[in-house]
Amino acid sequence: MLIHDLSAGDLSGKHHRSCAKIASGQKLSSLYSPARCAYEPCLQCIYEGGSRLDWKLCSDQPPGGSWNRYLPSQSTLSHFTEMGMPDHPIDGLGMNCTAQPPPPEPCKKIVTDGRSLVNYYQNYARTLPSERMMIGKVVSASLKGSVWQDGLFWDVKIQGQEKKEWCVESENLLLAIGRTQPNWLNIPGEKQNPYVSHWTHDACRSMACLQAGGSILVVGDGFSACDTIWEAWQKGLTVTHLLPSWVRDEAVRVGKAGGSGRHGLIQHLNYRQSERHYKVARAMAFPEECAAFYRQGVDCRLVRIINGRECFIEKHKDGKVVQHDKIMFDHIALLTGAKADYSFLPDAIKSSLFCSNGALDVCPETMESRSCRNLFLLGFCAGEAFLRHTFGHAISAVETIRGRERVRQMGDCRRNRIESMECG
Ligand SMILES: Cc1cc2nc3c(=O)[nH]c(=O)nc-3n(C[C@H](O)[C@H](O)[C@H](O)COP(=O)(O)OP(=O)(O)OC[C@H]3O[C@@H](n4cnc5c(N)ncnc54)[C@H](O)[C@@H]3O)c2cc1C
């Protein structure tokens, strides 16, 4: 979570919002200073026209956010240089680098892993003023509405491990809280079950204890499901995979004839950049090619888990249940996405964050909530999974705050002038 994060810059309009749009997901060009031949520092306390623009950063995890939870061996999807902060180039900093695809295919991308990234982010954080970093602290949900807007200001209740609470006041609140709540299937047996995991890293840690020849059920068809299936294969486990028919049909179409589609993972059938994504997508299209270690349940729904790992699965066709199965698995990975945990917000603010169709209601130019002024949502919690685009969000929000600050300063100047004329 960022509270009033402001990047340094001059007043020439270089950080103009249209630049922020260009920077979003691109090369962060608006942060580059040709005069200094360097990127501007991302998190700095600066003085502008004599008034101080200040920030504090609060996170329950060490720098690196969710990467602290992922497996140290987990690789990035992006080229590794895209995971770096603009003012602290990641290139040449002793990262573990892996060519994708591996030889003998021509290398198209170089990826890195969770361990290297966490080291990099933590080293970066050491360059920041420690008095502004509230690490290991949560924005507390111990009291309903621990965050509220009191007139112009946000009052944010922060809690440390020792349960001590204190309040931080800020004018702007930037939430970059990721997604920490799994999308529950709402079926019996999915919660507090040691045989069930909701994250790739948890599934991989559980699978590490299984013998080759064991079986795993994977529900979901995104990149987390893909990584889990791949890891299961590396351990010699057999995967049963439940996925919707539209995904399987798209995989078959792209696998046979190429072309684009809606599904991110399936597109890997077109460009062999990553062995694991290509091979899992290929299995989704042509399960008969790997029947010894991959089975599919198309349009099948897990409806109940009993005794830890006995799964009741229903097959649906034309809106009707056409088959019931009861199968025992050694592990069950439910990888159906996650959502942000806004439990620290008062109910009124929480409900106003969303449109009637459930989509987050933010202005895409500024990333500010349309209903709640001075509240900005960035990154994963705002629906963006890639760091480069998250930077775009951050720049848009910060430019909005800076723009308002400038207008206020100009107003103050004019007011002072009028007062001095009156005095004269
Ligand atoms: C396996 C995997 C591979 C990925 N590969 C790539 C890749 O190659 N390239 C890429 O760009 N992205 C990749 N991503 C996505 C990447 O993880 C996200 O882009 C990034 O972590 C999102 O950053 P964020 O800051 O929005 O959220 P997060 O990294 O989730 O950080 C949010 C932080 O806020 C903390 N928090 C939440 N609530 C509170 C609270 N109340 N108080 C205090 N702290 C709180 C959370 O604990 C967390 O530490 C990958 C994701 C996965 C799962």
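Residues numbered from 1 in each chain as written. Predicted model: local features only at pLDDT ≥ 70, side-chain atom pairs only at ≥ 80, totals over all residues.

A. How the structure looks around the overall build of the chain. A tally of regular secondary structure across the chain gives eight helices and 25 strands. Within the chain, the proportion of its 424 residues that are buried is 34%. Within the chain, residue pairs in contact and separated by at least 24 positions form 61% of the contacts whose partners lie at least 6 positions apart. (Helix = DSSP H or I, 4+ residues; strand = E, 2+ residues; numbered from the N terminus. Buried ≥ 20, exposed ≤ 12 C-beta atoms within 10 Å, placed from the backbone. Contact = placed C-beta atoms within 7 Å.)

B. Summary view of the site of the ligand. Taken together, the neighbourhood of the ligand is formed by 30 residues, with Gly65, Thr76, Gly178, Gly379 and Phe380 sitting nearest. Secondary-structure elements contributing two or more residues to the shell around the ligand are strand 6 (56-59), strand 10 (138-139), helix 4 (223-234) and helix 8 (387-423). In the shell around the ligand, the residues fall into 14 nonpolar, 13 polar and three charged. In this structure, the shell around the ligand is formed jointly by two domains, domain 1 (2-60 + 136-180 + 340-417) and domain 2 (183-337), each of which donates at least three residues. (Near = placed C-beta within 6 Å. Nonpolar A, V, L, I, M, F, W, Y, C, P; charged D, E, K, R; others polar. Domains from an automatic or database assignment.)

C. Just helix 5 (residues 245-257), in detail. The end-to-end C-alpha distance of helix 5, which contains 13 residues, comes to 18 Å, matching closely the 18 Å that a straight helix rising 1.5 Å per residue would cover. For helix 5, every residue scored as buried is listed here: Val247, Glu250, Ala251 and Val254. Along the axis of helix 5, the buried positions cluster into a sector of 105 degrees, meaning they face one direction only. Exposed residues pointing more than 90 degrees away from the buried face of helix 5 are listed as Ser245, Lys256 and Ala257. If you follow the buried residues of helix 5, they end up packed against strand 18 (238-243) and helix 6 (275-285). (Expected span 1.5 Å × (residues − 1). Arc of directions from axis to C-beta.)

D. Structural view of the nonpolar core. Judged by nonpolar contacts, the single largest core of 36 residues is most densely connected at Ile216, Leu217, Val218, Ile332 and Ala333. Those elements giving two or more residues to this core turn out to be helix 3 (200-207), strand 17 (215-219), helix 4, strand 18, helix 5, helix 6, strand 20 (300-306) and strand 23 (331-334). If one sorts the elements of this core by residue count, helix 6 sits on top with five residues. Among residues more than four places away in sequence, those in contact with Ile216 are Met207, Ala232, Leu237, Val239, Phe329, Asp330, His331 and Ala333. Grouped together as the second largest cluster of nonpolar side chains are 35 residues, Trp154, Val156, Leu353 and Leu378 included. (Core = buried A, V, L, I, M, F, W, Y, C linked by C-beta atoms within 7 Å.)

E. Main features of helix 3. Every buried residue of helix 3 is accounted for by Thr200, His201, Ala203, Cys204 and Met207. Each buried residue of helix 3 lies within a common arc of 160 degrees when the element is viewed along its axis, so the set occupies one face. For helix 3, the secondary structure elements touched by its buried residues are strand 16 (196-197), strand 17, helix 4 and strand 23.

F. Layout of the environment of Tyr271. Considering the arrangement of structural elements, one finds Tyr271 in the loop between helix 5 and helix 6. It is 9.7 Å that separates the C-alpha atoms of Tyr271 and Gly258, two residues lying 13 residues apart in sequence.

G. Representation of the packing of helix 3 against helix 4 in the model. The geometry of helix 3 relative to helix 4 is characterised by a closest axis approach of 9 Å and an angle of 15 degrees between their N-to-C directions. Relative to helix 4, the element helix 3 lies roughly parallel. When you trace helix 3 past helix 4, the crossing you get is right-handed. Touching Thr200, Ala203, Cys204 and Met207 of helix 3 are Ser224, Asp227, Thr228, Glu231 and Ala232, all from helix 4. Here the contact of helix 3 with helix 4 is built from residues that sort into four nonpolar, three polar and two charged. (Axes fitted to C-alpha atoms, helices over the stretch in contact; angles between N-to-C directions. Parallel < 35°, antiparallel > 145°, perpendicular 65-115°, else oblique. Left-handed = near helix turned anticlockwise from the far one by under 90°.)

H. Local environment of unusual backbone geometry. A cis amide bond links Gln100 to the next residue, Pro101, at an omega of -15 degrees. Residue placement: Pro101 occurs in the loop between strand 7 (98-100) and strand 8 (109-111). Residue Pro104 follows Pro103 across a cis peptide bond; omega there is 15 degrees. Among the structural elements, Pro104 can be located in the loop between strand 7 and strand 8. Phi is positive for Asn186, which is not a glycine, with a value near 60 degrees. Summarising the element assignment, Asn186 is placed in the loop between strand 15 (181-182) and strand 16. One non-glycine residue, Asn374, adopts positive backbone phi at about 70 degrees.

I. Inspection of the sheet that holds strand 19 (residues 294-298) at higher detail. Read from one edge of the open sheet, five strands run 16-23-17-18-19, paired in parallel fashion. In the strand order of this sheet, the two ends are held by strand 16 and strand 19, each with one partner. (Pairing = 2+ DSSP bridges.)

J. Main features of the packing of helix 5 against helix 6. Across the interface, helix 5 lies against helix 6 with an axial gap of 8 Å and an inter-helix angle of 105 degrees. Considered as vectors, helix 5 and helix 6 are oriented roughly perpendicular to each other. Here helix 5 contributes Val247, Arg248, Ala251, Val252 and Gly255 to the contact with helix 6, which in turn contributes Ala281, Arg282, Met284 and Ala285. Here the residues of the contact of helix 5 with helix 6 are counted per class, giving six nonpolar, one polar and two charged.

K. The pairing of strand 22 (residues 320-328), seen in detail. Of all the nine residues making up strand 22, zero are buried; the element is thus mostly uncovered. Sheet topology note: the strand 21 (residues 310-317)/strand 22 ladder contains eight bridges and is antiparallel. Bridging across to strand 22, Cys311 finds its partner in Ile327. Here strand 21 folds back onto strand 22, and the loop between the two strands holds two residues, one of which, Asp318, carries a positive phi near 50 degrees.

L. Local environment of the sheet that holds strand 20. The antiparallel open sheet is built from three strands, whose spatial order is 20-21-22. Here the strands that pair on one side only, and so sit at the sheet edges, are strand 20 and strand 22. Between one strand axis and the next, the sheet turns by 20 degrees as a mean value, whatever way the strands run. Pairing analysis gives six bridges linking strand 20 to strand 21, with the strands arranged antiparallel. Residue pairing in the sheet places Cys300 in a bridge with Lys315 of strand 21.

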